[in-house]
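Examination of the molecular architecture
For reference, the chains in residue letters:
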Amino acid sequence: MNDPSSSGLATMSRTIRVYVAGDAADLQQERALLWSQIFPELRLRCRRRQLEFAEVDLGQGLEHAGVEPSEFLAVALAEIDRCRPYFVGILGERYGSAPDPIDPELVGLRPWLVGHLDKGPTELQILHGALNDPSSADHAFFYLRDPGYVDRIPDALRQDFEPEDSESRNKLEMLNNTLRESSLPVRENYSDPQALGQMILNDLWTAIDKAFPAAEQMTALDREAHDHATYAESRIPSHITRESHVGRLDDHAKSGTAPLIVVGGPGSGKSALLAHWSTAYRQTHPDELVVAHFCGSSPAAGDHVLLMRRILAEIKHRLRVEEAIPEAPEKLKIRLPVWLEFAASKCKLVLVLDGVDQLTDRNNAGDMRWLPETLPANLRLIVSTSPGRLLAALEQRGWLTVRLDEFSAEERDELITRRGAEARKPLTPQQRGRIAEASQTSNPAFLNLLLHELRDCLSTAQVDDLIARYLEAATLEDLYQRILDRLEADHDRVRPRMVEHALSLLVVARRGLYESELLESIDQMGPPLPRVIWSRFFLAMRGLLVSQGGLLRLPDATMRRVVEHRYLKTSAARHSRHLRLATSFLDREMDTRKAEELPWHLREARAWESLKDILVDPEMFGQLSTRYRFCELSDYWASLAARYDMGRTYEESMLRCAGLYRPEGSLAVLLARASNFVRLHGKTENAERIRQRALEVRELVHAQQRNTTAEPDEHTGEQLEDKET
């Protein structure tokens, strides 16, 4: 059975990260052109392919970063690893800063540095990015500037472009010759920054276009499956297999009757268990239809209407159902039992719903009454929840439970051994024992978080200090507070409140944020952020973030609550973050990201006038009136019902639109969609006037085609009762 969640398209990262290496002083003009023209153009092209482009140029703002050379090198090498296989090296006439003593700890982590202690940082980056293993650098590109370029530089500025000294000139020539003799693509003698920019644009876009052809864009269902698959993947490393729990889930999938509830408090490992089990079960039962939905993976995933739509969309895709998915929430609820019965008649259907207590309690969704009381015999339903009102209600309905216990001493030791092997400084037996004996580490999330924090320690004393500090935390929430204290102390020196700004923006994002989106918004909230400062913070946050196709999120519900309580104590603070993100999306070209984020943030910010205006914008309406987002559009208008008349607002906007644009088939379809939308919401008089205008536009289009030899408009064949709505 075709499973989009296991396809290459659904699991491939959708972010293109390109590392840029070169001397910061020598290449100022080139870098300025790349930042202002070439990289924005690549970002725009990528977004049209549902990709995100992010350049990593640690020379950006480096003079204000105050970073030690050895620390800069450590961050640079780590970022190169994150960007593979994309690497751009640009060389002018300067070799770059002189070699600095390299931290012995870094040499220990990267032994290849032993043979290159006399090299400068630019050459070390090029070695790591490509020359150490040219066969794996299939998307590395190098550009050597025309030496005559320096002669055209004014005398007062020429010093920054000339070789530092004869030794540096010789080292640069040796590096250039090494590149020429390699199998890597090297373009020589670019004449000026404009010529370089065009080369980089062409080379990178050719590589991206080959990796992500236009014909292979993700569908909405692919994106949903991808988001949940990557979220599940992020939870699996913290899983400790308990045969009793896995066996109970296996038995239920084989012959269970009543739904099964996995019960545990925050951090007990519910998501890790269901992620591990559903992934393994899908692989061993390819003929069954397994839908795993993690309600805490994003705010959108916690919407029960979108969850119902996703279940029906999976059934429609896998079983080739011809019936259209209903638009209105009440119709979805009515048809859901029918679709489940049909799917279960074709194959075993396994629904895994993690964190149902995190569903938005809207229209009584929180009590799970949107699910049918009686489930088909061939359907297995497994949910997870924390103890509370919902659990009590589900148990009263006869649902069965399996309860997750705290970690035993043996399980703690197993996880400490496994995760401790990832640490730079191995834990001593005494340190292992101290962690295992602490009562707090019986909570799986607490233990995983503590071990993650110890991973980058470089000395036994540093490990001892962190263990002592973190074991003073009595709860998981308290541990997160101490981690935020450390992050602020380590990373807010150069850019005050950077940690607060980054984490609060991630908390309020609907589906997460691409790194470039996050950086753009942070830059609007204070002075420019040196790239190396951001990269250092980002690397320190790995393990606390999850990337879902490049969209960054804070996956742990407890951490999100701590961030909210710490940085978003008032509704005004929360609204300001939503407005910040809305502003960043407002000016970008219309695409799926803009449609899913902009109106949502305007609603959450209570910016009602702006929300109304964007909902009637023709491009936005074209995105939101499609079948997959129709319910969202209706939901937005429900929040505006007391303030604006939907029918009159659309009538005025669409008739004005019809007067501004040249009559064409796509305009007729847009008007028809608007007519259908307001008609479905009871605004029949407004709908009829919009429909009449749509008919007039269509007639004008036909008349134009009869009187010219032009090709027929591609949209004129569409029915006015638009199939999408």
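Now for a description of the structure that goes with this document. The structure displayed is predicted, hence computed values, not measured ones.

Here the focus is the sheet that holds strand 6 (residues 260-263). A sheet is described by the order of its strands in space; here five strands give the open sequence 7-8-9-6-10, paired in parallel fashion. Every interior strand has two partners, whereas the edge strands, strand 7 (289-294) and strand 10 (400-403), have only one. The average undirected angle you get between the axes of adjacent strands in this sheet is 15°. Alignment of strand 6 against strand 9 (residues 379-385), held across four bridges, turns out to be parallel.

A separate point is the sheet that holds strand 1 (residues 15-21). Ordered in space as 2-1-3-4-5, the five strands form an open sheet in which the pairing is parallel. Edge strands, defined here as strands with exactly one partner in the open sheet, are strand 2 (52-56) and strand 5 (186-190). If you compare each strand with its neighbour and ignore which way they point, the axes differ by 20° on average. Note: strand 1 against strand 2, five bridges, orientation parallel.

The next subject is the pattern of salt bridges. Enumeration according to the criterion identifies 65 salt bridges in this entry. Overlapping salt bridges, with partners in common, bring together Asp227, Arg510, Arg511, Glu517, Arg588, Asp591, Arg593, Glu596, Glu597, Arg629 and Glu632 in one network.

This part takes up the layout of surface pockets. In this structure, the second largest pocket encloses a volume near 1,100 Å³. Lining the second largest pocket are 30 residues, and of these Arg424, Asp456, Leu458, Arg536 and Arg542 lie nearest its centre. Counting residues per element, the ones that place at least two in the lining of the second largest pocket are helix 3 (69-83), helix 4 (104-109), helix 16 (444-454), helix 17 (460-470), helix 18 (476-491) and helix 21 (531-541). No other element matches the six residues that helix 3 contributes to the lining of the second largest pocket. Taken together, the residues of the lining of the second largest pocket sort by class into ten nonpolar, four polar and 16 charged.

Before going further, it helps to spend a moment on unusual backbone geometry. The omega torsion across Arg84 and Pro85 is 10°, close enough to zero to call that bond cis. Although it is not a glycine, Arg320 adopts a positive phi angle of roughly 55°. Assignment of secondary structure puts Arg320 in the loop between helix 11 (304-319) and helix 12 (329-346). Here the phi dihedral of Arg497 falls at roughly 70°; this positive angle occurs in a residue that is not glycine.

About the criteria used
Residues numbered from 1 in each chain as written. Predicted model: local features only at pLDDT ≥ 70, side-chain atom pairs only at ≥ 80, totals over all residues. Heavy atoms only, no water. Pairing = 2+ DSSP bridges. Helix = DSSP H or I, 4+ residues; strand = E, 2+ residues; numbered from the N terminus. Axes fitted to C-alpha atoms, helices over the stretch in contact; angles between N-to-C directions. Salt bridge = Lys/Arg side-chain N within 4 Å of Asp/Glu carboxyl O. 1 Å grid on protein atoms, 1.4 Å probe; cavity = no way out; pocket = protein on both sides within 12 Å on 5 of 7 lines; lining within 4 Å. Points joined across faces, edges and corners; volume = space filled by probe spheres on them. Nonpolar A, V, L, I, M, F, W, Y, C, P; charged D, E, K, R; others polar.

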